[in-house]
Amino acid sequence: MAFIKLNLNVDANSCLSGLWASLQLGRPKSGIKKLEKEMARLKGKRDDIKNQIGEAEREGKISTNEVDQWLREVEELEGQVADINQDFQSMSCFNCNCFNQTGSTSSQTQLAGDQILIRESSNCCSIIRKVAKKLGEANELMSRAGALDPIATVALPEPTVMLSMSHRPPVGIESYVKETVGYIDGGKDIIGIYGMGGVGKTTMLKSIQRYYSNHRLFDLVIWVVASKDCQLKKLQMDIAKSLELNTLQKSDDEPTCGDKLFKYLKNRNCLLLLDDIWEHLDLQLLGMAHSATKQGQQQQQQGQQQQQPRKAVVFTTRSETLCGRMKAEKKIKVKCLDPNQAWQLFKENSDEDVLSSDRGINSCAQDLAKECAGLPLALITVARAMSGKKSWEVWKEALHQIRDEHEWTTVCLPEDSIVMYKAFKLSYDSLENDSIKECLLCCALWPEDYEIHKFKELIPCWIGCGIICEFNVINEAFAKGCSYLETLMAASLLERSSRPHNYYEADHVKMHDIIRDMALLMVSELKGNERKWIVKAGIGLHNLPRQEEWQEAERASFMKNRILSLPEYKASTFSELSILILQYNHLTTIPPSLSASMPHLTYLDLSNCDIKELPTEIGSLTELQYLNLSYTDIRSLPLEFGCLGKLKYLLLRDTYFKTVPNGVISNLPMLKWLDITQQFPVCEQWWDELVRFKGRHQLSLGIAIYAANLESLNVLPNVSVWNLTMSGLSSEFQMLQWSHRLSDNLECLTIANVRGDKLMMNASVDCESSFRCLKTLIFDRIEELEKSWLNGIGFDNLRDLYINCCYKLKNVSWVLQLPCLNLLDISDCWEMEELISNIENSNSNFGIKMLTLCHMKKLHRIAHQPLCFSYLEYMRVHDCPRLQKLPFGVEILKSRLKEIEGDRTWWDNLDWDDESTKDSLTPYFRD
């Protein structure tokens, strides 16, 4: 009889432990799924903790050692789980080695039958054992997470030493962008881009910003604009603002600010983009330096250099010399376009149908393009100025104007400035009327590169300067102002905000610094001009210029400086001055002599100053028509204020008046616009003044009231409500309470602090027409609100809807009934799981351009039925971790999409039906 000898080399303990693990977890595949599910929970918790650390670091704190250790253990476990997954994927039933173990604990590998290298311990039982072990570790880490309190603590000072740092782009820019990116990717840390004004340096920098926002070489990509006369402290504060870093204080000196920036940035890979610098800047004081502890220095001396987080800077300037002073490792000169590129850019900004319709026009256009000498801004300005001009004679006249040697020889400007001034003058002269021209020049009163709020700053200025003056109610004036704005933007003389989806910036515009220079040349510096303006805005002044410098000025702008006090002047010192702008200064008092020194003053802006009272001499400003005291500490008006017989526009937003002298407002005969919004509650004297108002014009009013005062507002004679904030409503907001006279001109409505869980907006007969002017609706801090809906209310012209801190609100399905809605901004609605839950009887084509969703932990989808976003340009998502799928696919690219902003973690974890969709949309994503 033959015997078969079996050599079974079996580790009984291993088999039994594997068997027990198998009984608990089942097959390896099911065990791994359980482990992956637990790891997903753990990684979600880790990401939440990292977000908390990020917020704490912005407050100057650091994570605790316990939290750091926990994060390291999670990272190690993540790697170990990945190894187990890899082993399982490499294993098959045919190479399972359960009964061929040697008991060895080495990490050697062996060659399997299919020539795949597998760890020696990779078999069913061992994988199940490992899964069970790692599952236990994951559970243990998850349970420890709840005890991680505090997450961060106050940072202790460290003995550190700062070490110095040794879409398709527009025509002509692409090669420069590629060159710069190549240098950055190749390790160059300081790159200077230089060239004449208007040549495209800022456009190039924006393309670099977009590139690195989607290529994760850097943890942070920071953009700040320096501008002429910019102070280092302002740059430091701008960087902190972009980082949402709250530790920098206005009272800090520059070294202290630099130290705080350095501490926040030292462990991060950063790319700083500095636009338009005019003088040497210490990059260390902007936080762009490396750190070395004493230990690190010792290691470097021993030849053990530590890997430092990378700090790279790209800056633009007009000066090649400054590139050297900034120690740029690479200098890139941006040149004007060659003739072919120039003609291509001109055509892109013209009406090509017109250019091709007439050989004479085409010839003139090519000659105009040549006159721009390849300067991109000049080409765009001239092309936009001529867009829509269909007569050959008009084109010929434009060419004659720009070639007129006699006109330009009197200008006395450098050759490069002459080119741009010619383009600006042609565009300026092409504007359709003097009012629009005057509006353009007014924009130069603001600081360089300042983003001007259209409705709070710019259009009120145009109204106050008398450019827009023929209107019955303020709505008509704002409509005219918006029309002028569109004309100026169409001509590329004003620009839209660079990020119009964020923090109300859709309402901001800015003036290119070269266009601003040209406007100021026209009004203040060219010989023989009839205007005399002095503009010293945003340049860090602590005192007004010497009297002789602006004694003959007609308009003076000193806004956004650090002026603490005004000197005493003699009577009629500034006899020509009609406009004085002092907003955003640190003024605490107005000297009594100011009024007598400026007898013809018609426009005075003291908003955002620290003024506590007005002198009684204010009454002697008998020509004054516009006065802005918003955001000051003034609590009352002097009795002499009633002498301002020509005052038309009085802005007192957020001033919290305690008293209003009897008859001061009600007897102002010319008053047309009174804004006392954010004075809440308004004092009783305001009601008395409004009831007795005897002005010659209907008064446009902005006011904040309790709901109980709505009836009092209804009966005010000769008053038209333009901006209204209502607080303390009952659970049903009945539109029946509104008179047509009151609501006909209402443009902005804010509803706050509603009691109850429902907000029903009812309409009476023909009530829809009474809200024909309503453009902005805001729901704010309605904490108990669960449902809101419209009942017959059309709001047919509503453009912007903001919903904030409505913690229990479930959905906003009714927004589909708003045909002209442009912007939808929802934040801190904590119970909202679905934005739109009912599409029945509604248009499934959602026509909004901007969608912002913030701080909604439960939100998991926009709608359960398909919606068409035919007009969407910008989408912003922040702190909505469960929103794992976008409400659209790649078809959105066929419309107007420009940008999707969100957290990088959120973007990376989105679910996609097709990965190619993500690839197509990624260029539009911004971290």
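Residues numbered from 1 in each chain as written. Predicted model: local features only at pLDDT ≥ 70, side-chain atom pairs only at ≥ 80, totals over all residues. Heavy atoms only, no water.

Where do I start with the overall build of the protein in this structure?
From N to C terminus, the protein includes 28 helices and 36 strands. Each of the 927 residues in the protein was classed as buried or not, and the buried ones make up 51%. Just so you have it, the protein exposes about 43200 Å², and 47% of that area is on carbon and sulfur atoms. (Helix = DSSP H or I, 4+ residues; strand = E, 2+ residues; numbered from the N terminus. Buried < 20%, exposed > 50% of the residue type's maximum accessible area, 1.4 Å probe, protein only. Areas by Shrake-Rupley, 256 points an atom, 1.4 Å probe, with all protein chains shown as cover.)

In this structure, what is going on with the nonpolar core? I would like to understand it.
Soluble globular proteins: nonpolar side chains tend toward being buried together. Grouped together as the largest cluster of nonpolar side chains are 117 residues, with contacts concentrated most on Trp 550, Phe 641, Ile 665 and Leu 674. Residue contacts for Trp 550: discarding those within four places in its chain leaves Ile 534, Leu 544, Pro 545, Ala 556, Phe 558, Tyr 569, Phe 574, Leu 577, Leu 580 and Met 598. Counting 107 residues, the second largest nonpolar core, distinct from the first, contains Met 204, Met 511, Ile 515 and Trp 722. (Core = buried A, V, L, I, M, F, W, Y, C linked by side-chain atoms within 4.5 Å. Contact = heavy atoms within 4.5 Å.)

Whenever I open this one, the sheet that holds strand E11 (residues 330-333) confuses me. Can you help?
What holds strands together in a sheet is hydrogen bonding between their backbones, with the strands either parallel or antiparallel. What the 5 strands build is an open sheet, ordered E7-E8-E10-E6-E11; its pairing is parallel. At either margin of the open sheet sits one strand with a lone partner, and together these are strand E7 (220-225) and E11. Each strand of the sheet is rotated relative to its neighbour by a mean of 15 degrees, with strand direction disregarded. Relative to E11, strand E6 (residues 190-194) is paired through 4 bridges, and the arrangement is parallel. Looking at the pairing, Ile 191 lines up with Lys 330 of E11. Its contacts with the sheet place helix H6 (residues 201-214) against E6, E7, strand E8 (270-277), strand E10 (311-317) and E11, and it is angled at close to 170 degrees to E8. (Pairing = 2+ DSSP bridges. Axes fitted to C-alpha atoms, helices over the stretch in contact; angles between N-to-C directions.)

Can you walk me through the sheet that holds strand E14 (residues 508-510) in this structure?
In space, the 3 strands of this open sheet follow the order E12-E14-E13, with antiparallel pairing throughout. Bordering the open sheet on either side are strand E12 (452-453) and strand E13 (495-496), each of which pairs with just one other strand. When E13 meets E14, the two strands line up antiparallel, connected through 2 bridges. Across the sheet, residue Arg 496 finds its bridge partner in E14, namely Val 509.

Looking at this model, I keep getting lost on helix H15 (residues 392-402). Mind explaining?
Quick reminder: α-helices carry 3.6 residues per turn. Residues three or four places apart thus point the same way. What H15 keeps buried is the set Trp 395, Ala 398, Leu 399, Gln 401 and Ile 402. Projected onto a plane normal to the axis of H15, the buried residues spread over an arc of 160 degrees and lie on a single side. (Arc of directions from axis to C-beta.)

Can you help me understand the pairing of strand E30 (residues 823-827) in this one?
Across the 5 residues that make up E30, a large majority, 5, are buried. Alternating positions in E30 separate into two faces, Leu 823, Asp 825 and Ser 827 on one and Leu 824 and Ile 826 on the other, with burial throughout. Both strand E29 (residues 800-804) and E30 contribute to a ladder of 5 bridges, which runs parallel. The partner of Asp 800 across the bridge, within E30, is Leu 823.

Could you clarify how one ought to interpret helix H7 (residues 232-243) in this entry?
For H7, built from 12 residues, the straight-helix expectation of 16 Å at 1.5 Å per residue is met to within 8% by its first-to-last C-alpha distance of 17 Å. Among the residues of H7, those classed as buried are Leu 232, Lys 233, Leu 235, Gln 236, Ile 239, Ala 240 and Leu 243. Buried residues in H7, looked at end-on, bunch into an arc of 160 degrees, giving them a common side. Glu 244 sits one or two positions beyond H7 and adopts a positive phi of about 55 degrees. (Expected span 1.5 Å × (residues − 1).)

How do you make sense of the packing of aromatic side chains when you look at a structure like this?
Two measures describe an aromatic ring pair: the distance that separates the ring centres and the angle between the ring planes. Inspection of every chain in the model, using the stated rule, returns 23 aromatic pairs. Between the aromatic rings of Trp 550 and Tyr 569, the centroid separation amounts to 6.3 Å while the plane-to-plane angle is 85 degrees, which identifies the pairing as edge-to-face. Remark: Tyr 569 occurs in the loop between strand E16 (555-557) and strand E17 (579-581) and Trp 550 occurs in helix H22 (residues 547-550); sequence separation between them is 19 residues. For Trp 550, a relative accessible area of 1% puts it in the buried group. Site record: aromatic cluster; members linked through ring pairs are Phe 455, Phe 478, Trp 673 and Trp 722. The residue whose ring lies beneath Arg 268 is Tyr 264, and the NZ or CZ to ring-centre distance is 4.2 Å. Its end group placed over the ring of Tyr 584, Lys 560 keeps NZ or CZ at 4.6 Å from the ring centre. (Phe/Tyr/Trp six-rings, centres within 6.5 Å; stacked < 30°, edge-to-face > 60°. Lys NZ or Arg CZ within 6 Å of the ring centre and 35° of its normal.)

It is not clear to me how the environment of Leu 520 should be interpreted in this structure. Could you clarify?
Mapped onto the secondary structure, Leu 520 falls in helix H21 (residues 513-525). Take Leu 520: its relative accessible area is 10%, and that puts it in the buried class. Distance from Leu 520 to Lys 532, taken between C-alpha atoms, is 10.0 Å for residues 12 residues apart in sequence.

Help me out: how do you make sense of a positive patch on the surface in this one?
Together, Lys 775, Arg 799, Lys 849 and Arg 896 make up a positively charged patch on the protein surface. With respect to the helices, strands and loops of the structure, Arg 896 is situated in the loop between strand E34 (874-878) and strand E35 (899-902). Residue classification places Arg 896 among the partly exposed residues on the basis of a relative accessible area of 41%. (Patch = residues over 30% accessible without salt bridge, like charges linked within 9 Å, V, L, I, M, F, W, Y side chains within 5 Å. Salt bridge = Lys/Arg side-chain N within 4 Å of Asp/Glu carboxyl O. Lys, Arg positive; Asp, Glu negative; His and termini not counted. Charge placed at Lys NZ, Arg CZ, Asp CG, Glu CD.)

Explain the packing of helix H19 (residues 454-464) against helix H20 (residues 474-490) here, please?
Packed helices, taken two at a time, are described by their axes: the angle between them and the distance between them. Following both chains from N to C, one finds H19 and H20 inclined at 100 degrees, their axes separated by 10 Å at the closest point. Taken together, the axis directions place H19 and H20 in an arrangement best described as roughly perpendicular. In this structure, H19 contributes Lys 454, Phe 455, Leu 458, Ile 459, Pro 460, Trp 462 and Ile 463 to the contact, and H20 contributes Ile 474, Ala 477, Phe 478, Gly 481, Cys 482, Tyr 484, Leu 485 and Leu 488. Residues belonging to the contact of H19 with H20 are distributed by class as follows: 13 nonpolar, 1 polar and 1 charged. (Parallel < 35°, antiparallel > 145°, perpendicular 65-115°, else oblique. Nonpolar A, V, L, I, M, F, W, Y, C, P; charged D, E, K, R; others polar.)

Would you mind going over the pattern of salt bridges with me for this structure?
Where charged atoms of side chains with opposite charge meet at close range, the side chains can pair. Under the definition given, this model contains 37 salt bridges. With its nearest N and O atoms 3.0 Å apart, the salt bridge here joins Arg 41 to Glu 38. Of the two residues, Arg 41 and Glu 38 are both situated in helix H2 (residues 28-58); the distance of 3 residues between them amounts to about one turn of the helix. Salt-bridge contacts for Asp 517 lead to Arg 318; the nearest nitrogen and oxygen are separated by 3.8 Å.

Explain the environment of Asn 804 here, please?
By the secondary structure assignment, Asn 804 is in strand E29. Along the backbone, Asn 804 and Phe 779 are 25 residues apart, and their C-alpha atoms lie at a distance of 6.1 Å. Sequence-distant contacts of Asn 804, that is, excluding residues within four places in its chain, are made with Phe 779, Asp 780, Arg 781, Ile 782, Ser 827 and Asp 828. A distance of 2.9 Å separates the side chain of Asn 804 from the side chain of Asp 780, its partner in a polar contact. (Polar contact = N/O pair within 3.5 Å; in protein donor to acceptor, adjacent residues only side chain to side chain.)

Would you mind showing me how to read the confidence of the model for the protein here?
This prediction gives the protein a mean pLDDT of 82; 83% of its residues lie at or above 70. Across residues 1-23, where pLDDT falls below 50, the model places 16 contacts with residues more than four positions away in sequence or in other chains. When the criterion is pLDDT under 50, residues 293-305 qualifies, and its contacts beyond four places in sequence or with other chains add up to 10 contacts. (pLDDT = per-residue confidence, 0-100.)

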